[in-house]
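Overview (structure and organization)
Next come the chains, spelled out residue by residue.
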Amino acid sequence: MIEIIVKNSKLITLPRIDDGIDGSISVAENFKHIPFAVKRVYYIYNLLNQKAIRGKHAHKKLEQALFCINGSCEIGLDDGTLHQDITLDTPNTGIYLGVELWHTMKNFSDNCILLVLASDVYKKDDYIRDYDEFKKYIDLRRRRRLRGGN
Ligand code: TYD
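Below is a short write-up of the structure. What you are looking at is a predicted structure, and each value in this text was computed from that prediction instead of being measured. All residue numbers refer to position in the chain's written sequence, counted from 1. For this predicted model, a pLDDT threshold of at least 70 governs which residues receive local features, and a threshold of 80 or more governs which side-chain atom pairs are given and counted, while totals over whole chains, interfaces and linings are taken from all residues. Side-chain figures throughout are based on the complete set of non-hydrogen atoms in the structure, without hydrogens or water.

1. Observations regarding the overall build of the chain
Secondary structure elements are taken from DSSP: a helix is a run of H or I of four residues or more, a strand is a run of E of two residues or more, and numbering for both begins at the N terminus. The number of helices and strands found in the chain is one helix and 12 strands. For the chain, the α and β elements follow one another from N to C terminus as β-β-β-β-β-β-β-β-β-β-β-β-α. Throughout, the radius of gyration refers to the C-alpha atoms, and the reference size of a globule is 2.2 Å times the residue count to the power 0.38. Taken over C-alpha atoms, the radius of gyration comes to 16 Å for the chain, in line with the 15 Å a tight globule of 150 residues would show. Over its C-alpha atoms, taken along the principal directions, the chain stretches across nearly 55 × 35 × 30 Å. For every residue, the accessible area obtained with a 1.4 Å probe (protein chains only) is divided by the maximum for its type, and the residue is called buried under 20%, exposed over 50%, and partly exposed between those limits. The burial tally for the chain puts 42% of its 150 residues in the buried class. Restricting to contacts in the chain with at least 6 residues of sequence separation, those with at least 24 account for 76%. Carbon and sulfur atoms make up 49% of the accessible area of the chain, which totals about 9000 Å². Counted as positive: Lys and Arg. Counted as negative: Asp and Glu. His and the chain ends are not counted at all. A charge is said to be at NZ when it belongs to Lys, at CZ for Arg, at CG for Asp and at CD for Glu. When the 23 basic and 20 acidic side-chain charges of the chain are each reduced to a single mean position, those positions are 9 Å apart. Note on contacts: a residue pair is in contact if any heavy atoms of the two residues lie within 4.5 Å. Values of accessible area rely on a 1.4 Å probe in the Shrake-Rupley scheme; residue burial ignores everything except the protein chains shown.

Put into structure tokens, the structure is as follows:
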């Protein structure tokens with residue numbers, strides 16, 4: 001099993017109920033399997049360009065959980081110090097993507113469907129889309145935390 005070493009992230013394994021040739025069910029409940037209350041669901045699909053690199057941003061407050069429910073893809077995680085690439089290819093194994101994590105989605109299989117559960121509605125201002133700005137933001141946050149602020 002892969003180990004996640006970057007900050008603010010972890011693997012999530014959802015229960016999997018197998019009915020043999022009649023299929024499987026996986027379930028995600030707020031605070032039980034997903035460490036936040038889900039307010040929004042979106043999914044990424046129709047990846048005709050397998051060289052697509054999506055994401056390339058970090059969030060200030062938004063928490064998300066990513067599941068590749070069909071096919072496979074790779075999630076690049078960067079907390080400003082450590083970087084890690086995680087392959088998602090099992091529908092019931094996902095990634096918790098906490099705050100202040102630069103992330104990319106890449107190496108999509110053509111049948112990939114990436115399901116994302118999010119802790120809030122879409123807010124443009126929550127995005128940091130420039131890597132240098134991200135580094136400055138997390139350094140500022142780190143200094144504030146050291147001074148005892150939030
Ligand atoms: P973005 O979050 O940048 O996608 P990705 O991280 O997969 O590359 O969003 C791409 C576009 O879709 C952007 O114009 C904003 C829009 N969008 C919404 O309107 N609502 C949403 O909930 C999401 C996730 C994106």
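2. With respect to the sheet that holds strand E7 (residues 73–78)
Taken in spatial order, the five strands of this open sheet run E8-E7-E10-E5-E12, and their pairing is antiparallel. A strand with exactly one partner marks an edge of an open sheet, and here the two such strands are strand E8 (83–88) and strand E12 (127–128). A pair of strands is considered paired only if DSSP assigns at least 2 bridges between the two.

3. Observations regarding the site of the ligand
By convention in this text, a residue qualifies as near a molecule or strand provided that one of its non-hydrogen atoms is within 4 Å of it. Within the structure, the ligand sits among Arg-40, Tyr-42, Ile-44, Arg-54, Gly-55, His-57, Tyr-122, Tyr-127 and Arg-129. Measuring from an oxygen atom of the ligand, one finds a side-chain N or O atom of Arg-54 at 2.8 Å. The term polar contact refers here to a pair of N or O atoms within 3.5 Å; inside protein, the definition further demands a hydrogen-donor-capable atom paired with an acceptor-capable atom, and it admits residues adjacent in sequence only when both atoms are side-chain atoms. Tyr-127 has a polar side-chain atom sitting 2.6 Å from an oxygen atom of the ligand. About the coverage of the ligand: the protein hides 62% of its 520 Å² of free accessible area. Counting only elements with at least two residues in the shell around the ligand, the list comes to strand E4 (40–44) and strand E5 (54–59).

4. Section: the pairing of strand E9 (residues 93–97)
Among the five residues of E9, five are classified as buried, and the element is accordingly described as predominantly covered. Both faces of E9 are covered, namely the face carrying Thr-93, Ile-95 and Leu-97 and the face carrying Gly-94 and Tyr-96. Across four bridges, the pairing between strand E6 (residues 64–70) and E9 is antiparallel. Pairing of Gln-64 across the sheet is with Leu-97, part of E9.

5. Digging into the pattern of salt bridges
The term salt bridge refers to a pairing of a side-chain nitrogen on Lys or Arg with a carboxyl oxygen on Asp or Glu at a separation within 4 Å. Here the structure, examined in full by the defined rule, presents seven salt bridges. Taking the shortest distance from any N to any O, the salt bridge between Lys-106 and Asp-85 comes out at 2.9 Å. Of this pair, Lys-106 sits in strand E10 (residues 102–106) while Asp-85 is found in strand E8, placing the two residues 21 residues apart along the sequence. Overall, the relative accessible area of 36% leaves Asp-85 in the partly exposed class. We note a salt bridge from Glu-100 to Arg-141, for which the minimum N-O separation is 2.9 Å. Of this pair, Glu-100 sits in the loop between E9 and E10 while Arg-141 sits in helix H1 (residues 131–146), and the two are 41 residues apart along the sequence.

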